[in-house]
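Working through the structure, step by step
So you can see what is in the structure, the chains are spelled out below.
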Amino acid sequence: QVQLVESGGGLVQAGGSLRLSCAASGRTSSTDTMAWFRQAPGKEREFVAFISGITGVTNYVDSVKGRFTISRDNAKNAVYLQMNSLTPEDTAIYYCAARQAFYNIYDQANNYWGQGTLVTVSA
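Described below are features of the structure shown in this document. Predicted, not measured: the structure shown is a model, and the values here were computed from it. (Residues numbered from 1 in each chain as written. Predicted model: local features only at pLDDT ≥ 70, side-chain atom pairs only at ≥ 80, totals over all residues. Heavy atoms only, no water.)

What to know about the overall build of the protein chain
A count of helical and extended segments in the protein chain gives zero helices and 11 strands. Traced from its N-terminal end to its C-terminal end, the protein chain shows the element sequence β-β-β-β-β-β-β-β-β-β-β. For a compact globule of 123 residues, the expected C-alpha radius of gyration is about 14 Å, and the protein chain comes in at 13 Å, within 12% of that figure. Oriented by its inertia axes, the alpha-carbon framework of the protein chain measures out at about 40 × 25 × 25 Å. (Helix = DSSP H or I, 4+ residues; strand = E, 2+ residues; numbered from the N terminus. Rg over C-alpha atoms; globule rule 2.2 N^0.38 Å.)

In structure tokens:
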């Protein structure tokens, strides 16, 4: 099993920044794919960003490209999401996800999940 604990959420004004952290423990590996998803009120959970543990390749949903940056520190078993130029549309619960390398992180049903951290962006 893998345990994921997110932190860093909060209330921020539009245009501001937040940095989310996710601490992983248990049967983790530096080769795991790590990702962030989010769920806005009344909407389905959506992919935000992932980072490969094998290649370090990253990918982002179009709406956050150029504003968000995902990174990881394998020595600390942690993954981060730096969020800049936040807008009210970024308001959501942000979830950290993990999946073994070579498996599809977009296949949400089989990911490991954290409990989520709430990000609220005021206008």
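What follows picks up the thread again.
Quick notes on the nonpolar core
Among the nonpolar cores identified, the biggest contains 27 residues, and Trp36, Leu81, Met83 and Tyr94 are the most heavily contacted of them. Mapped by element, the contributors of at least two residues to this core are strand E1 (2-7), strand E3 (18-26), strand E4 (33-39), strand E5 (46-51), strand E7 (68-73), strand E8 (78-83), strand E9 (92-99) and strand E11 (117-122). Once residues within four sequence positions are removed from consideration, leucine 81 is found in contact with Leu18, Arg19, Leu20, Trp36, Val48, Ala49, Phe68, Thr69, Ile70 and Tyr94. Judged by nonpolar contacts, the second largest core, of six residues, contains Ala35, Phe50, Ala97 and Ile105. (Core = buried A, V, L, I, M, F, W, Y, C linked by side-chain atoms within 4.5 Å. Buried < 20%, exposed > 50% of the residue type's maximum accessible area, 1.4 Å probe, protein only. Contact = heavy atoms within 4.5 Å.)

A closer look at the pattern of salt bridges
If you walk through the whole model with that rule in mind, you get five salt bridges. For aspartate 107, the salt bridge goes to arginine 99, with nearest N and O atoms at 4.0 Å. Each of Arg38, Glu46, Arg67 and Asp90 takes part in a single network of salt bridges with overlapping partners. (Salt bridge = Lys/Arg side-chain N within 4 Å of Asp/Glu carboxyl O.)

Describing a nonpolar patch on the surface
Residues Ile54, Phe102 and Tyr103 make up a contiguous nonpolar surface patch of about 410 Å² in total accessible area. For phenylalanine 102, a relative accessible area of 79% puts it in the exposed group. (Patch = residues over 30% accessible without salt bridge, like charges linked within 9 Å, V, L, I, M, F, W, Y side chains within 5 Å. Areas by Shrake-Rupley, 256 points an atom, 1.4 Å probe, with all protein chains shown as cover.)

Section: the sheet that holds E1
If you walk across this open sheet you meet the four strands as E1-E3-E8-E7, and the pairing is antiparallel. Pairing within the sheet leaves two strands with one partner each, and these edge strands are E1 and E7. Adjacent strand axes in the sheet meet at a mean angle of 15 degrees when their direction is disregarded. (Pairing = 2+ DSSP bridges. Axes fitted to C-alpha atoms, helices over the stretch in contact; angles between N-to-C directions.)

Quick look at the pairing of E7
Side chains of E7 alternate between two faces, with Phe68, Ile70 and Arg72 buried and Thr69, Ser71 and Asp73 left unburied. Counting the residues in the hairpin turn of E7 and E8 gives four residues, including asparagine 77, whose phi is positive at 50 degrees.

Section: the packing of aromatic side chains
How two aromatic rings sit relative to each other is given by the distance of their centres and the angle of their planes. Tallying each qualifying case throughout the model produces six aromatic pairs. Between phenylalanine 37 and phenylalanine 47 the ring centres are 5.7 Å apart and the planes differ by 75 degrees, which places this aromatic pair in the edge-to-face class. On the criterion of sequence distance, the pair formed by phenylalanine 37 in strand E4 and phenylalanine 47 in strand E5 is long-range, its members being 10 residues apart. Relative accessible area serves as the criterion here: at 12%, phenylalanine 47 is assigned to the buried category. We note arginine 19 situated over the ring of tyrosine 80; from NZ or CZ to the ring centre the distance is 4.0 Å. Residue placement shows arginine 45 over the ring face of tryptophan 113; its charged tip is 3.6 Å from the ring centre. (Phe/Tyr/Trp six-rings, centres within 6.5 Å; stacked < 30°, edge-to-face > 60°. Lys NZ or Arg CZ within 6 Å of the ring centre and 35° of its normal.)

Section: unusual backbone geometry
One non-glycine residue with positive phi stands out, namely asparagine 77, at about 50 degrees. Relative to the helices and strands, asparagine 77 resides in the loop between E7 and E8. With a relative accessible area of 35%, asparagine 77 lands in the partly exposed category. Positive phi, close to 50 degrees, is recorded for serine 85, a residue that is not glycine. Assignment of secondary structure puts serine 85 in the loop between E8 and E9.

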